[in-house]
Amino acid sequence: MPGSVRSTRTQQGICVAGEFDPKEQNMKILTRFAKDESGATAIEYGLIAGLIAVVCIAGFTAVGTKLNAKFTAISNNLT
């Protein structure tokens, strides 16, 4: 076949002798990459943690403002 190279290649730790088609290898790599969801899961967990942090900061800020107003009112009533 034109464009093919006769060589020995390693596929998942097993040595296979035969023709090497770079297009086929690239498709296998791209297919494996598309099926791999471990990175997507890590990103999803990161986004969830970031969202929880934003909600906590907003909640603590709102509670802190109201709590500060209460303590100021109590302090003014004591003096």
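S.K.: Help me understand the overall build of the protein chain, please; the structure alone is not making it clear to me.
M.R.: Looking only at helices and strands, the protein chain features two helices and two strands. From first element to last, N terminus to C terminus, the protein chain shows the α and β order β-β-α-α. In the protein chain, which comprises 79 residues, the share counted as buried stands at 4%. Accessible area for the protein chain stands at about 7200 Å²; split by element, carbon and sulfur atoms hold 67% of it.

S.K.: Explain a nonpolar patch on the surface here, please?
M.R.: A cluster of nonpolar side chains, namely V63, L67, F71, I74 and L78, defines an oily patch on the protein surface of about 550 Å² accessible area. Summarising the element assignment, L67 is placed in helix 2 (residues 38-78).

S.K.: Even after reading the chapter, I still don't get the confidence of the model for the protein chain, so can you show me in this structure?
M.R.: Predicted coordinates in regions of low pLDDT should not be interpreted in detail. Per-residue confidence for the protein chain gives a mean pLDDT of 80, with 75% of residues at or over 70. Between the elements of the protein chain, mean pLDDT differs from a low of 49, seen in strand 1 (residues 5-11), to a high of 92, seen in helix 2.

Procedures and definitions
- Residues numbered from 1 in each chain as written.
- Predicted model: local features only at pLDDT ≥ 70, side-chain atom pairs only at ≥ 80, totals over all residues.
- Heavy atoms only, no water.
- Helix = DSSP H or I, 4+ residues; strand = E, 2+ residues; numbered from the N terminus.
- Buried < 20%, exposed > 50% of the residue type's maximum accessible area, 1.4 Å probe, protein only.
- Areas by Shrake-Rupley, 256 points an atom, 1.4 Å probe, with all protein chains shown as cover.
- Patch = residues over 30% accessible without salt bridge, like charges linked within 9 Å, V, L, I, M, F, W, Y side chains within 5 Å.
- Salt bridge = Lys/Arg side-chain N within 4 Å of Asp/Glu carboxyl O.
- pLDDT = per-residue confidence, 0-100.

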